[in-house]
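Here's the letter readout for the chains.
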Amino acid sequence: MAIMSGIPAGADHGDFDEAGLRSALHTLPLPQLMAWASELRDAGHASLVTYSPKVFIPLTRLCRDVCHYCTFAQPPRHAGPAYLSREQVLDIARAGAAAGCTEALLTLGDKPELRYSAARNALDELGHPTTIDYVAEICGLIVEETGLLPHVNAGVMDSGQIATLRRVSVSQGLMLENVSPRLGEHGGPHHGSPDKYPAARLATIAAAGALAVPFTSGLLVGIGESRDERIDSLFALHALHRDHGHVQELIIQNFRRKPGTRMAAAPEPGLEELLWTIAAARIVFGPRMNIQAPPNLSPGTYPELIRAGINDWGGISPVTRDHVNPEAPWPEITELARRTAMAGKVLAPRLPVYSDYLAQAGRWVDPGLLPHVLRACDGQGLGRGGRWSPGAATTPTPIPTIGARDSGLHQILARAAAGNGLDEHEIVRLFEARGGDFEDVCLAADELRRTAVGDTVTYAVNRNINYTNVCGYRCAFCAFSKSHAGKGLRDTPYEVSLAEVARRTEEAWARGATEVCMQGGIHPEYTGETYLAFCRAAKEAAPGIHVHAFSPLEVHHGAATLGLSLDAFLERLGEAGLGSLPGTAAEILDDEVRAVLCPDKIDTARWLEVMASAHRVGLPTTATIMFGHVDGYRHWARHLLRIRALQTETGGFTEFVPLPFVHMEAPIYLRGRARRGPTSRETILMHAVARLVLHSLIDNIQTSWVKLGSEGARLCLAAGANDLGGTLMNESISRAAGTEHGQELPPPEMHKLIESCGRLPRQRTTLYRDVDQDRRSAGWQAEALAPVINERPRRKRLAITADNR
């Protein structure tokens, strides 16, 4: 996960003059401070405002402190059982998981066992010496039983206690509230609360930093402090963050008076004080800090809070109330999204560990928790926003289209529509599109599709022949390949004989297929002669069939075993009947990813070299990307740019095929090292962005019904895709990975799917020609390729898509 996109945690807006900032905060009018803060926020977070779908677990309401504004802490006679039981906690957590939460927020009183015998007796019965020990057990239970990610607010702790909780929680928190010791003096809100001493709280926050714990802190506004004391508090937190880089978010929370407390009659801070403090926090901490204001404590002021510089709404629960502020209900997410959009932003779910920290998970996340984090996140390090994954027989998660429309993104779309090459940063921005921007990217891609290929959706009738699953390579994502022994594996190793290849090809031709697609594992005993024999067997069985076969890895292997150059081996394959190559084994064309995903496979340069060689000798190819595992948006951008560069040089790619990672049986996922494939948003965007980036160079964007199902394919057809690939008799590679979408989609079902989108179905050949036209000539394939091969010495690009329309 360390290779995902992200700005280093702890980055701020650089060195600053503290005295100058203090002066500015005191002298500049609030509108000017808010404009400054808003500009800083936009530089770090653009239009994104996040929230954490959480469930609130009040593990104990006993506390040794007596804060004068608090109704959460209660004495034993009012608190009920001293601690929630294991079963009670799991009931709450399971309800949260069922409602789509990703965070379990554990909030509790500070060290109640030091004050109350009821707490000590309860801990004895639970088998723990301290509250922190029980918290650690509960966190472990929550993770294992529900997959929720614990965030713990456990009060003042020492390094040992923080380290204990780090192993079972992805983040921790402690509100500084204020650094002024004056608030703990007689008559102050913290009087009689030893855990509210600023020195003790700062020590805990510092210790968390030394242990690399992603940490939440913040200020409580309006409890009798001055603006100067708030500024002092911000700089104290900034100093700790500067040393450790661990403060992942700041909460600026306004005091709300509550009946029955000593501060029941105290004045609440006005909106201006809250806005001033938010702006001050943004200005002190800079663009990348995550600054939060709880929306339930300031209803009706959402646009103002955003203009003051926040980029996060904090945790919001669809299941549990705010036990600290029970009088203030959470807003509905749909309403929060609407109000956020009114302020020109787009709402997105996040995890309790922020994306910048997840980008450096090796430092910030305990290895035992990382598999659970990866299951919950998308390629940007945010929440997935739904349960759908590629290969699952479930309806893709609906994509919200409410939210900001960025003028800068529209400029990128205009450049793509004009056929101008986009750079890596611009492509990443397209992949980040959410809300209205997501809708605009898809509409722009679909318009380019209509311009390039019209409203026809094509497909090929073909048969897959995976001639062996024995493979000497150990790609971390592959559930298809097997060793010779196959010990302990679900499927046994197999090889398909030449006679069986011929029989399946003949049968496919009789059923109306125009293509056989042949690929397999890299069998250690296979040589280039083996691949040549497969081609001959297929062509002898059905001379009119198109042989679409052999990944660049197989070509590399075959050439090496015969001691031939790539060009020489590919020419021999063409003479044996090979018509084109699938552009598989690409995965992600970035060696940073390949080092994790497929370290013993050919590297990016060699894959591109094989493709270029095939194009030189007159063999067209497809291009693929297999995405949504350990990669990030910048890797997807680099992949598309490398495909574009080679297509500009050779013109040899017939189509681009996004292949979303199917995780269910993938070894790297089962070992807890990969995500659950791309989200539905990311999957749709891959097709749309590919259309935009490759516009005018590759006309055909294919969507994989076998990985996405019919509904997923429909969504991609509305976002730039124009091809459904093959009917795939005997598809087995995706099935081995765990897909639930079947092995074949016959032509009548293809037509039904296409027509349900309001589009026109057309059966095609591998090279996108009309089937009837080609079948009128027994030698259609040779005629189709002869001009390409004969013209090879005189041309730079292959004219293989001129008649696609």
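Everything numeric in this text was worked out from a predicted model, so none of it was measured.

Asker: Can you help me understand the overall build of the chain in this one?
Answerer: Helix and strand content of the chain: 32 helices and 18 strands. A compact globule built from 805 residues would reach a C-alpha radius of gyration of about 28 Å, and the chain, at 30 Å, matches this within 12%. By its C-alpha atoms, the chain is 100 × 55 × 45 Å across when sized along the principal axes. Burial statistics for the chain: of 805 residues in total, 62% are counted as buried. Sequence-distant contacts, at least 24 apart, represent 78% of the contacts inside the chain between residues at least 6 apart. Considering the chain, the positive charge centre built from 82 side chains and the negative charge centre built from 90 side chains are found 1 Å apart.

Asker: Looking at this model, I keep getting lost on the pattern of salt bridges. Mind explaining?
Answerer: Think of it this way: side chains of opposite charge can pair up when their charged atoms draw near. The final tally for this structure, using the stated rule, is 51 salt bridges. The salt bridge involving Asp723 is made with Arg764; its shortest N-O contact spans 2.7 Å. Highlighted residues: Asp723 in strand E17 (residues 723-726) and Arg764 in strand E18 (residues 760-764), separated in sequence by 41 residues. By the burial criterion, Asp723 is buried, and Arg764 matches it.

Asker: Looking at this structure, how should I read the pairing of strand E10 (residues 456-460)?
Answerer: Successive residues of a regular strand alternate their side chains across the two faces of the sheet. Buried residues dominate E10, accounting for 4 of its 5 residues. The pairing of E10 with E17 spans 2 bridges and is parallel. The residue bridging Ala460 from the neighbouring strand is Gly726, located in E17.

Asker: Just checking my understanding: could you explain the sheet that holds strand E13 (residues 546-549) for this structure?
Answerer: Hydrogen bonds between backbone atoms are what pair the strands of a sheet, whose relative direction is either parallel or antiparallel. Pairing within the open sheet is parallel, and its 4 strands lie in the order E11-E12-E13-E14. In the strand order of this sheet, the two ends are held by strand E11 (462-466) and strand E14 (578-580), each with one partner. Each strand axis lies, on average, 40° off the axis of its neighbour in the sheet, ignoring direction. Contacts from helix H19 (residues 498-510) reach E11 and strand E12 (515-519), with the element oriented near 170° to E11.

Asker: When you look at the packing of aromatic side chains in this model, what are you seeing that I'm missing?
Answerer: Any pair of aromatic rings gets described here by the distance separating the centres and the angle formed by the planes. Tallying each qualifying case throughout the model produces 15 aromatic pairs. Note on Tyr467 and Tyr526: the rings are 6.4 Å apart at their centroids and 45° apart in plane angle, and the pair reads as tilted. Note that Tyr467 is positioned in the loop between E11 and H19 and Tyr526 in the loop between E12 and helix H20 (528-541), a separation of 59 residues in sequence. Tyr526 matches Tyr467 in its accessibility class, with the two residues each being buried. An angle of 20° between the planes, with centres 6.5 Å apart, marks the rings of Trp607 and Phe653 as stacked. A residue pair is termed long-range when its members are at least 10 positions apart, and Trp607 in helix H24 (residues 604-616) and Phe653 in strand E16 (residues 653-660) qualify at 46 residues. The same class applies to Trp607 as to Phe653, namely buried. A network of ring pairs unites the aromatic residues Tyr467, Tyr526, Tyr531, Phe534 and Phe550 as a single cluster. Against the face of Tyr768 rests Arg764, its NZ or CZ located 4.1 Å from the ring centre.

Asker: I keep staring at the packing of helix H1 (residues 18-27) against helix H9 (residues 227-244) and nothing clicks. Help me out?
Answerer: Two quantities define a packed helix pair, namely the angle between the helix axes and the distance between the axes. Relative to each other, H1 and H9 sit at 145°, their axes nearing to 11 Å. Classified by chirality, the crossing of H9 by H1 is right-handed. Residue-level inspection shows Glu18, Leu21, Arg22, Leu25 and His26 of H1 in contact with H9, the latter providing Asp228, Ile231, Asp232 and Phe235. A class-by-class count of the residues in the contact of H1 with H9 yields 4 nonpolar, 1 polar and 4 charged.

Asker: Help me understand the confidence of the model for the chain in this model?
Answerer: A low pLDDT means the predicted coordinates there should not be read in detail. Put simply, the chain has an average pLDDT of 91, and 91% of its residues get 70 or more. Long-range and interchain partners of residues 1-14, a stretch whose pLDDT sits below 50, account for 52 contacts in this model, where long-range means more than four residues apart. pLDDT under 50 marks residues 484-490. Its contacts with residues more than four places away, or in other chains, come to 12 contacts.

Asker: I tried to follow the sheet that holds E18 on my own but got confused; where do I start?
Answerer: Pairing is parallel across the open sheet formed by 3 strands, whose spatial order is E17-E10-E18. For this open sheet the edge positions go to E17 and E18, each flanked by a neighbour on one side alone. Strand-to-strand twist across the sheet, computed as the mean angle between neighbouring axes with direction ignored, equals 20°.

Scoring rules and cut-offs
- Throughout this description, residue numbers start from 1 for each chain and increase along the sequence as written.
- Reporting in this predicted model follows two pLDDT cut-offs: at least 70 for local features of residues, and 80 or more for side-chain atom pairs to be given and counted; totals over whole chains, interfaces and linings ignore these cut-offs and use all residues.
- As a rule here, side-chain values come from all non-hydrogen atoms in the structure, and water together with hydrogens is ignored.
- Per the convention used, a helix needs a DSSP run of H or I reaching at least four residues, while a strand needs a run of E reaching at least two, with both numbered from the N terminus.
- For a compact globule the rule gives 2.2 Å times the number of residues to the power 0.38, and the radius of gyration it is set against comes from C-alpha atoms.
- Relative accessibility thresholds used throughout: buried, under 20% of the residue-type maximum; exposed, over 50%; partly exposed, between the two (1.4 Å probe, protein chains only).
- Only heavy atoms enter the contact rule, under which two residues are in contact if any of them lie within 4.5 Å.
- Charge counting treats Lys and Arg as positive and Asp and Glu as negative, with His and both chain ends excluded.
- To locate a charge, take NZ of a lysine, CZ of an arginine, CG of an aspartate or CD of a glutamate.
- Take a side-chain nitrogen of Lys or Arg and a carboxyl oxygen of Asp or Glu: if they are within 4 Å of each other, that pair is a salt bridge.
- Following DSSP output, two strands are said to pair if at least two bridges run between them.
- Helix axes are fitted only over the stretch in contact, all axes being lines through C-alpha atoms; the angle between N-to-C directions runs from 0 to 180 degrees.
- Ring pairs are drawn from Phe, Tyr and Trp, using the six-membered ring of Trp, whenever the two centres fall within 6.5 Å, and their geometry is named by plane angle: stacked under 30 degrees, edge-to-face over 60, tilted for the rest.
- Cation placement over rings: the criterion is NZ of Lys or CZ of Arg within 6 Å of the ring centroid and within 35° of the ring normal.
- Whether a crossing is left-handed or right-handed is set by the direction in which the near helix is turned from the far one by less than a right angle, anticlockwise for left-handed and clockwise for right-handed.
- Put simply, Ala, Val, Leu, Ile, Met, Phe, Trp, Tyr, Cys and Pro go in the nonpolar bin, Asp, Glu, Lys and Arg in the charged bin, and everything else, Gly too, in the polar bin.
- As a per-residue measure, pLDDT reflects the predictor's confidence and takes values from 0 up to 100.

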